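Coordinate analysis (summary)
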Amino acid sequence: MAFTKKTVRDIDVNGKRVLMRVDFNVPVKDGVVGDITRIQKAIPTIKYLKEHGAGIVLMSHLGRPSGTGYEEALSLAPVAKKLEELSGYKVSFVADTYGEEAKAAVEAVKPGDILLLENVRFLKAEKKNDPEVAKKLASYGDIFVLDAFGTAHRAQGSVVGPAAYIPAVAGFLLEKEVDTLTSIFSEPKRPFVAIVGGSKVSSKIGVLDHLIDSCDTLIIGGGMAYTFFLAQGYQVGTSLQEPDWVERAGEMLKKAQEKGVKILLPVDNIVTDHFGEDAVGEAVASNAIPSDRMGMDIGPKTEKLYADAVSGAATVFWNGPMGVFEMDQFAHGTEVVAKAIADSSCTSIIGGGDSVAAINKFGLADKMSWISTGGGASMELVEGKALPGVEALLDA
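All chains use their own residue numbering, which begins from 1 and follows the written sequence. In keeping with the predicted nature of the model, local features appear solely for residues at pLDDT of at least 70, side-chain atom pairs appear and are counted solely at 80 or more, and the whole-chain, interface and lining totals rest on all residues. The basis for the side-chain values is all heavy atoms of the structure; hydrogens and waters are excluded.

**A short note on the packing of aromatic side chains**
Here the aromatic set is Phe, Tyr and Trp, taking the six-membered ring for Trp, and pairing holds for ring centres within 6.5 Å; pairs whose planes are under 30 degrees apart are stacked, those over 60 apart are edge-to-face, and all others are tilted. Across all of its chains, the model carries six aromatic pairs by this definition. Between Tyr 48 and Phe 172, the ring centres sit 5.3 Å apart and the planes meet at 85°, which makes this aromatic pair edge-to-face. With Tyr 48 in helix α1 (residues 37-51) and Phe 172 in helix α5 (residues 172-186), this residue pair connects regions lying 124 residues apart in the sequence. Each of the two residues, Tyr 48 as well as Phe 172, counts as buried. For the ring pair Tyr 226 and Phe 229, a centre distance of 5.5 Å and an interplane angle of 85° mean the geometry is edge-to-face. With Tyr 226 and Phe 229 both in helix α7 (residues 225-231), this residue pair falls three residues apart, about one helical turn. Classification of residues uses two cut-offs on accessible area relative to the type maximum, computed with a 1.4 Å probe and protein chains only: under 20% is buried, over 50% is exposed, and between them is partly exposed. With a relative accessible area of 3%, Tyr 226 lands in the buried category. Three or more aromatic residues link up through ring pairs in this structure, and these residues are Phe 185, Phe 192 and Phe 317. Counting from the N terminus, the helices are the DSSP runs of H or I reaching at least four residues and the strands are the DSSP runs of E reaching at least two.

**Overview of the pairing of strand β12 (residues 268-272)**
Most of β12 sits out of view: five of its five residues are buried. By the alternation rule, side chains of β12 split into Asp 268, Ile 270 and Thr 272 and Asn 269 and Val 271, which are all buried. Where β12 and strand β13 (residues 282-285) come together, four bridges link them in antiparallel fashion. From the neighbouring strand, Asn 269 faces β13, where its bridge partner is Val 284. Two strands form a pair only when DSSP identifies at least two bridges running between them. Both β12 and strand β14 (residues 294-298) contribute to a ladder of four bridges, which runs antiparallel. Paired with Ile 270 across the bridge in β14 is Asp 297.

**Remarks on the UniProt feature "binding site: ATP" (unreviewed entry) in the protein**
UniProt positions are given in the numbering used here, feature names are shortened, and annotations may be inferred rather than shown by experiment. Per the UniProt record, the feature "binding site: ATP" (unreviewed entry) sits at Lys 204, Gly 295, Glu 326, Gly 352, Gly 353, Asp 354 and Ser 355. A maximum C-alpha distance of 23.9 Å among these annotated residues, which run over 152 residues, shows that they spread across the structure rather than meeting at one spot. By the element assignment, Gly 295 lies in strand β14. Of the residues examined, Gly 295 reaches a relative accessible area of 14% and is grouped as buried. Residue contacts are defined here by distance: any two heavy atoms, one from each residue, within 4.5 Å place the two residues in contact. Sequence-distant contacts of Gly 295, that is, excluding residues within four places in its chain, are made with Tyr 226, Ser 239, Ile 270 and Val 271. As for its position among the elements, Glu 326 is in the loop between β15 (315-319) and α10 (332-343).

**Some details on the sheet that holds strand β4 (residues 55-59)**
Overall, parallel pairing links the six strands, which are arranged β5-β6-β4-β1-β7-β8 in an open sheet. Looking at strand neighbours, the two that pair on one side only are β5 (92-94) and β8 (168-170), the edges of this open sheet. For this sheet, the mean inter-axis angle between neighbouring strands, taken without regard to orientation, is 25°. Relative to β8, strand β7 (residues 143-146) is paired through three bridges, and the arrangement is parallel. Bridging from a neighbouring strand, Val 145 pairs with Val 169 of β8. Axis definition: a line fit to C-alpha positions, over the contact stretch in the case of helices; interaxial angles, taken between N-to-C directions, run 0 to 180 degrees.

Here you go:
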């Protein structure tokens, strides 16, 4: 399934000022940038624009500011420095987004220059897609490029706004993300094994549903597994559970059975008596969880079951951890699954969010075929939804 929107290749950028929405929502602590993945992934489009004679005005959000003005902890200033270091290009920064200072800095941008504006979310109206915000931002460029896949599912001022006023096209990252995530569902190499973890069935219901329509085996882990256990009549003790979703989980198990899709649920679990760094786990069978215990990870038999299923796959899609991987003693199940994917010769697609954090924690990023930069956006594409940011671009 080819990308259906125009990209930077389809438009003449020479001598033009290009306004580009990137996703530089990266961890910054005490002025130091943590994970640089999202910055690195934006560089190919920036490089292309620079080499083709465009002046580049970059904008992004960072974190969740209150929207009432400047907040030092959420300034993009350290990100500008990090982009300069990673790209080898000079990057200017202006501590303003919508005011006179930003306007002057933008007007000074010449072909080949790169300017990063301050956090677009320091103004609350940006999130509401206020037309005044959209118009203001659009006035900064002759062309709008959306390369922020991580926010493409949000109809916000800096994501869809400028497209109403100036020609709007996709950057390379956005194109690749949409292509990769849609093609695994339209024509996956089989067997196609999907692994979905995380805490809640309710937040992944559309994803699970869509996967049952296209995969051969669906592996379920994480907190959501306990709601499926309830649907099978098991007791889950004090484990995370969503009683309102038990019936729906049961319907999914039935749908999978009717479609001939194999669903793998944990056969054993690591349980503990409380949630905490000092908690000690023990393995118990899924149908024998004591009433005063909570599940924290998949057990050793399940690890083997899941690793074996992955080893025979041609395509693997993974979203969501198998347990509370932030605590080392409950990270083993997630690590085993991550390593099984890394060791397999399959095409592996990691659908954003905690799975990416897990892969980075275990140092396996270079062993994966594609790691998505968007959690929510990946999930919406996997559900088969249209992304507002992509919809707003010019058709190819």
